[in-house]
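Per-entry structural report
Letter by letter, the chains look like this.
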Amino acid sequence: MKVMIRKTSTGALSAYVPKKDLEEPIVAQELEGLWGGTITLANGWLLALPEMAAGTTLPITVEARRLSGN
């Protein structure tokens, strides 16, 4: 599923899923570098992000896999 990752005005990360018209804060991430690991959204969704270069700038739209959640 397409997911847009961005930084909010407060510096926190959030994810927007256009197909579901859902925007949620990212509350946990598996890897410090974000890319190639999983993230957890505030609603409980666990998403696997693709491998990306360490210097990838935000906002960016990526193809993520939903692993679990409501």
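Placed above this text is the structure.
This section reports on the structure supplied with the text. Please read these numbers as outputs of a predicted model, since none were measured by experiment.

Attention shifts here to the pairing of strand 1 (residues 2-7). Summarising the sheet, strand 1 and strand 6 (residues 60-63) pair through four bridges and their orientation is antiparallel. Counted as the bridge partner of K2 is E63 from strand 6. In terms of strand pairing, strand 1 meets strand 2 (residues 13-17) through four bridges, oriented antiparallel. Along strand 2, the bridge assignment pairs I5 with A15. Where strand 1 hands over to strand 2, the hairpin turn is made up of five residues, of which G11 adopts a positive phi near 95°.

This brings us to the sheet that holds strand 2. In spatial order, the strands read 6-1-2-3-4-5-7; together these seven strands make up an open sheet with antiparallel pairing. With one partner strand each, in any of the chains shown, strand 6 and strand 7 (65-68) form the two edges of the open sheet. Taking the axes of each pair of neighbouring strands and ignoring which way they run, one obtains an average angle of 40° across the sheet. Here strand 2 pairs with strand 3 (residues 22-29) via four bridges, running antiparallel.

In the structure shown here, the tally under the stated rule is two salt bridges. Residue E63 is joined to K2 by a salt bridge in which the shortest nitrogen-to-oxygen separation is 3.5 Å. Taken together, the positions of E63 in strand 6 and K2 in strand 1 put the pair 61 residues apart, joining distant regions of the chain. Measuring nitrogen to oxygen at the nearest pair gives 2.9 Å for the salt bridge that ties E23 to R6. Here E23, found in strand 3, pairs with R6, found in strand 1; they are 17 residues apart in sequence, far enough to count as distant. Residue E23 is classed as partly exposed on the basis of its relative accessible area, which comes to 40%. Look at R6 and you get partly exposed, because its relative accessible area is 28%.

Let us look at the environment of K19. Among the structural elements, K19 can be located in the loop between strand 2 and strand 3. Through-space distance from the C-alpha of K19 to that of K2 is 7.7 Å; in sequence the pair is 17 residues apart.

Rules used throughout
Residues numbered from 1 in each chain as written. Predicted model: local features only at pLDDT ≥ 70, side-chain atom pairs only at ≥ 80, totals over all residues. Heavy atoms only, no water. Pairing = 2+ DSSP bridges. Helix = DSSP H or I, 4+ residues; strand = E, 2+ residues; numbered from the N terminus. Axes fitted to C-alpha atoms, helices over the stretch in contact; angles between N-to-C directions. Salt bridge = Lys/Arg side-chain N within 4 Å of Asp/Glu carboxyl O. Buried < 20%, exposed > 50% of the residue type's maximum accessible area, 1.4 Å probe, protein only.

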